[in-house]
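Here are the chains, one letter per residue:
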Amino acid sequence: MCTVCGCGGATLEGQARGQAQDHGQDAPHHHHHDHTHGHDHGHDDDHTHDHTHDHGHAHGHHHHGDHGDLHYGAGAAGVSVPGMSQARLIEIEAGILSKNDAFADGNRRVLRALGAFAVNLVSSPGSGKTTLLCRTIEKLGGQPLAVIEGDQQTSNDADRIRATGAPAIQVNTGKGCHLDAHMVGHAMDHLALPRGAMLFIENVGNLVCPAGFDLGEDAKVAILSVTEGEDKPLKYPDMFTVARLAILNKTDLAPHCDVDFDLYEANLRRVNPGIEILRVSARTGEGMEAWIDWLTARLAEKAGGAAA
């Protein structure tokens, strides 16, 4: 996770660039929300909220000697920034995450009231998230659902989702490397989720920053293509530690990639002993029934909990 994340200029689909939510400014900004379908994001309807986002990427690069070696992860904050103390870095990070968590709690209350189940799909670029999601929508048939698509630019993935008949809204994060709870709350306002729906949030392709940002979802699902290497969970442990389920996707390519499935699973459980694992090929359909069963069972659990 970026210790000080520079999420600047996020734009909800249909907004002009000048209307972008600027999450990279130090100055306070005001949002007026007209919640027309009962969404309680932890604040009053038609309100103004002041929050200062002290953002700006803190990927500190320290060069030592003539060799230009890069040293990361120094100090208690896990990163070094020239001219900034470790205490200040920790303070900034805590402030960013605290504000995000408040918005996430609001999103969670909305979803709970609707009996809706939200999945945060996370992965590196090219893992097959969108293809898997399109196939999932087809398999779910008449199940009410909606999709929030996160990418730095373009509406390509949202267009692919809408081609399946599912409602989708694109959030372009600009320079941002992940979705945050504020962006997701705005997108939810435009989707008008029905009761008992599934909400799929396809996060920006990135195995680092999305791990640290709660969106109010019920589960993070990490998608890992078999072409990425069995050591990927060890290289990016935070993501797989917070994921409830890991999907080993593109299993149809395994014979061509000398894939060791047992090693993949061993490394996943090394960083997260409780993680559930499914082997899936979105292209051939292998393992899709198990994935659909997992989703419908989690939705039933959510609905049962809401009724209780």
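Data block above holds the structure.
To keep things clear, this report deals only with the structure shown in the data block. All values derive from a computational prediction rather than experimental measurement.

Peptide bonds are, in most cases, trans, and in most cases residues other than glycine have a negative phi. The phi dihedral of A192 is positive, around 50 degrees, even though this residue is not glycine. Assignment of secondary structure puts A192 in the loop between helix 4 (181–191) and strand 7 (198–202). Even without a glycine there, the phi angle at D258 is positive, about 55 degrees. Mapped onto the fold, D258 is located in the loop between helix 7 (254–257) and helix 8 (261–271).

This part takes up the pattern of salt bridges. In total, this model carries 15 salt bridges according to the counting rule given. One connected set of salt bridges, linked through shared partners, spans D262, E265, R269 and R279.

So, about the environment of A222. Relative to the helices and strands, A222 resides in strand 8 (residues 219–225). For A222 and S127, which are 95 residues apart along the polypeptide, the C-alpha to C-alpha distance reads 9.7 Å. When sequence neighbours within four positions are dropped, the list of residues in contact with A222 reads V122, F240, A243, L245, A246 and I247.

Glancing now at the nonpolar core. Counting 29 residues, the largest nonpolar core has F200, W291 and L295 as the members making the most contacts within it. Elements with a minimum of two residues in this core: strand 4 (117–122), helix 2 (129–140), strand 5 (145–151), strand 7, strand 8, strand 9 (245–249) and helix 9 (288–307). Sorting elements by how many residues they give to this core places helix 9 first, with six residues. Discounting residues that sit within four places of it in the chain, F200 has contacts with V119, L121, L133, T136, L140, L145, A146, V147, I148, W291 and L295. Grouped together as the second largest cluster of nonpolar side chains are 20 residues, I169, M183, L191 and L215 included.

All right, on to the pairing of strand 6 (residues 168–172) then. With five of five residues buried, strand 6 lies mostly within the body of the structure. The sheet contact formed by strand 5 and strand 6 spans five bridges and is parallel. Counted as the bridge partner of E149 is Q170 from strand 6. Following the backbone out of strand 5, through helix 3 (residues 156–162) and into the adjacent parallel strand 6, one traces a crossover that is right-handed.

With that out of the way, let us pick up the environment of P210. Turning to its location among the elements, P210 is positioned in the loop between strand 7 and strand 8. Relative accessible area serves as the criterion here: at 0%, P210 is assigned to the buried category. Residues P210 and N120, spaced 90 residues apart in sequence, show a C-alpha to C-alpha distance of 9.3 Å. Leave out the neighbours within four places in its chain, and P210 touches V122, C177, H178, N203, V204, K220 and M239.

Both the distance between ring centres and the angle between the ring planes are used here to describe each pair of aromatic rings. According to the stated counting rule, one finds two aromatic pairs in the structure shown. A ring pair is formed by F117 and W294, whose centres lie 6.2 Å apart and whose planes are at 65 degrees; its orientation type is edge-to-face. Taken together, the positions of F117 in strand 4 and W294 in helix 9 put the pair 177 residues apart, joining distant regions of the chain. Comparing F117 with W294 shows no difference in burial state: the two are buried. Taken together, the ring pairs in this structure connect F117, W291 and W294 into an aromatic cluster.

It is worth spelling out the pairing of strand 5 at this point. In terms of burial, strand 5 is largely enclosed, as seven of its seven residues are buried. Alternating positions in strand 5 separate into two faces, L145, V147, E149 and D151 on one and A146, I148 and G150 on the other, with burial throughout. One ladder, built from five bridges, connects strand 5 with strand 7; its direction is parallel. Paired with L145 across the strands is M198, a residue of strand 7.

The rules we used
- Residues numbered from 1 in each chain as written.
- Predicted model: local features only at pLDDT ≥ 70, side-chain atom pairs only at ≥ 80, totals over all residues.
- Heavy atoms only, no water.
- Helix = DSSP H or I, 4+ residues; strand = E, 2+ residues; numbered from the N terminus.
- Salt bridge = Lys/Arg side-chain N within 4 Å of Asp/Glu carboxyl O.
- Contact = heavy atoms within 4.5 Å.
- Core = buried A, V, L, I, M, F, W, Y, C linked by side-chain atoms within 4.5 Å.
- Buried < 20%, exposed > 50% of the residue type's maximum accessible area, 1.4 Å probe, protein only.
- Pairing = 2+ DSSP bridges.
- Right-handed = clockwise from strand over helix to strand, strands pointing away.
- Phe/Tyr/Trp six-rings, centres within 6.5 Å; stacked < 30°, edge-to-face > 60°.

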